[in-house]
Amino acid sequence: MLADAEAADAEVVLPLHVPLDLALTLGPLLRGSGDPTMRIHGAAVWRATNTASGPATLRLARDDATVLAHAWGPGADDALTAVPDLIGLHDAPELLVPRHPVVAEMVHRLPGLRLPRTNRLFEALLPAILEQKVTSTEAWRGYRRLLRSISARAPGPMALLLPPQPAAVAALPYFAFHRFGIERRRADTLRRAAVELVRLEGATPQALLAHLRDLAGIGPWTVAEVGRLALGDPDAVSVGDYHVPSLVSWLIAGERRGDDARMLELLEPYRGQRGRVQRLLEASGRRPPRHGPRLSPRRFERC
């Protein structure tokens with residue numbers, strides 16, 4: 001239990017009937033080790049979020065048979081209600097039928113890997129847009145700077161920031177993003193998306209994502225990233241990614257280089273579960289041999 005000084009506003013104990021690795025399941029939500037909205041701290045995962053009832057901070061920890069969830073803030077009850085989706089208890093990894101040795105190996109090695117579902121579309125969309133066609137280092141640096149400028153402190157004992165609301169991002173002029181290291185292309189995409197989400201407030205995450213597909217700057221890669229994290233879509237595969245096609249081609253077919261067409265060909269037997277296969281391969285820790293220079297981070301704020 002937490003110390004009295006850290007007493008939560010609400011808590012719940014969830015019995016576990018399936019394997020679950022919290023860090024492995026929720027790891028894709030973490031935008032680098034300095035993510036101001038989330039911490040994986042020892043055996044516990046902390047996450048700040050916005051809910052329909054207001055902001056909240058979650059602390060999740062598990063033992064052999066249960067997950068203990070504490071929540072702080074006006075949105076504490078809503079955040080606790082969303083925990084089963086968040087930690088993948090409604091996910092169905094058993095639907096994946098391995099057809100290659102490496103996939104079978106990873107299913108066996110990582111039984112606790114489940115696909116999270118946050119149901120918070122903008123919380124997945126904002127970092128996904130910032131990660132378009134840049135290095136992770138560059139994207140995460142811009143994400144941290146943006147949040148430190150416009151986000152409020154999250155409730156609870158952990159020093160976290162809340163993900164920004166669409167209205168706060170929509171209100172920024174494009175040139176305000178320059179000091180965060182975010183160039184106009186990504187800034188304009190982010191502002192357009194935020195404006196649309198404000199306009200469509202109250203729509204379901206599925207309806208919002210379907211609408212955003214038609215916005216300039218929102219392509220298949222961004223839709224897949226958001227679909228996999230916000231909606232828990234097991235078939236969302238990262239077409240257009242700099243690394244994933246070669247990773248899939250290397251681990252499944254032993255080919256050092258791969259493009260989107262080859263990746264989709266290799267994943268076709270897993271249609272319906274292609275995103276899950278991608279996640280398992282990413283979690284393997286294996287990478288193809290390098291065949292070219294890495295992307296170099298850029299510093300727009302110095303221009």
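For the structure, see preceding data.
Keep in mind it's a predicted model, so treat the numbers as computed, not measured.

Visitor: Before we go on, may I ask you to explain the pattern of salt bridges in this structure?
Guide: Any two side chains of opposite charge can pair, so long as their charged atoms come close to each other. All chains considered together, the criterion is met by 17 salt bridges. Note that E183 and R185 form a salt bridge whose closest N and O atoms lie 3.4 Å from each other. The exposure class assigned to R185 is partly exposed, which follows from its relative accessible area of 39%. As a salt-bridge pair, D188 and R191 come within 3.3 Å of each other at their nearest N and O atoms. With D188 and R191 both in helix 8 (residues 184–199) and three residues apart, the pair spans about one turn of that helix. Linked by salt bridges that have partners in common, E138, E183, R185 and R186 make up one network.

Visitor: Looking at this model, I keep getting lost on the side chain of T57. Mind explaining?
Guide: Within the secondary structure, T57 is located in strand 4 (residues 54–62). Setting aside residues no more than four positions away along its own chain, T57 makes contact with W46, R47, A48, H70, A71, W72, A154, P155 and L160.

Visitor: For this particular structure, what's the right way to read unusual backbone geometry?
Guide: Residues other than glycine predominantly adopt negative phi, and peptide bonds predominantly adopt the trans conformation. The phi dihedral of N119 falls on the positive side, at around 60°, and the residue is not glycine. Its identity is not glycine, yet K133 carries a phi of approximately 55°, on the positive side. The residue K133 is located in the loop between helix 5 (121–130) and helix 6 (136–150) in this model. Look at K133 and you get exposed, because its relative accessible area is 72%.

Visitor: What am I meant to see in the pairing of strand 5 (residues 66–72) here?
Guide: Sheet faces and side chains relate simply in a regular strand, where the side chains alternate between the two faces. The element strand 5 is largely enclosed, with a buried count of six among its seven residues. Taken together, the six bridges between strand 1 (residues 10–15) and strand 5 define a ladder with antiparallel strand orientation. Its bridge partner lying in strand 5, V13 is registered against L68. The pairing of strand 4 with strand 5 spans six bridges and is antiparallel. Within strand 5, the residue paired with T57 across the bridge is W72. Connecting the antiparallel pair strand 4 and strand 5 is a turn made up of three residues.

Visitor: I'm lost on the nonpolar core in this one. Help?
Guide: Here is a general trend for soluble globular proteins: nonpolar side chains tend to be buried in one another's company. With 55 residues, the main nonpolar core has L26, L60, I87, L125, F177 and L190 as its most contacted residues. The element best represented in this core is helix 5, accounting for eight residues. In terms of nonpolar packing, the next biggest core, distinct from the first, is built from 20 residues, L24, V103, M106 and L113 among them.

Visitor: I would appreciate a short explanation of the pairing of strand 4 in the present structure.
Guide: The buried count for strand 4 comes to seven of nine residues, which makes it a mostly enclosed element. Summarising the sheet, strand 3 (residues 44–51) and strand 4 pair through seven bridges and their orientation is antiparallel. Note that in strand 4 the partner of W46 across the bridge is R59. Taking the residues between adjacent antiparallel strands as the criterion, strand 3 and strand 4 are bridged by two residues.

Visitor: Would you take a moment to explain the sheet that holds strand 2 (residues 38–41) for this structure?
Guide: The strand order 1-5-4-3-2 describes an open sheet built from five strands, whose pairing is antiparallel. Looking along the sheet, the strands with just one partner apiece sit at the ends: strand 1 and strand 2. Neighbour-to-neighbour, the strand axes of this sheet turn through a mean angle of 20°, independent of strand direction.

So, how was this worked out
Each chain carries its own residue numbering, running from 1 in the direction its sequence is written. Whole-chain, interface and lining totals are the exception, using all residues; otherwise, since this is a predicted model, local features are given only for residues with pLDDT of at least 70 and side-chain atom pairs are given and counted only at 80 or more. Excluding hydrogens and water, the side-chain values take into account all heavy atoms of the structure. Only one rule defines a salt bridge in this text: a Lys or Arg side-chain nitrogen within 4 Å of an Asp or Glu carboxyl oxygen. Buried, partly exposed and exposed residues are distinguished by accessible area as a fraction of the type maximum, computed with a 1.4 Å probe on protein chains only: under 20%, between the cut-offs, and over 50%, respectively. Helix and strand assignments follow DSSP, with helices taken as H or I runs no shorter than four residues and strands as E runs no shorter than two, numbered in order from the N terminus. In this description, contact between two residues means that some pair of their heavy atoms is separated by no more than 4.5 Å. In this analysis, strands are considered paired if DSSP registers two or more bridges between them. Definition of nonpolar core: a set of buried residues of the types Ala, Val, Leu, Ile, Met, Phe, Trp, Tyr and Cys, connected through side-chain atoms within 4.5 Å. Note on geometry: axes are lines fitted to C-alpha atoms, helical ones only across the stretch in contact, with angles between N-to-C directions running from 0 to 180 degrees.

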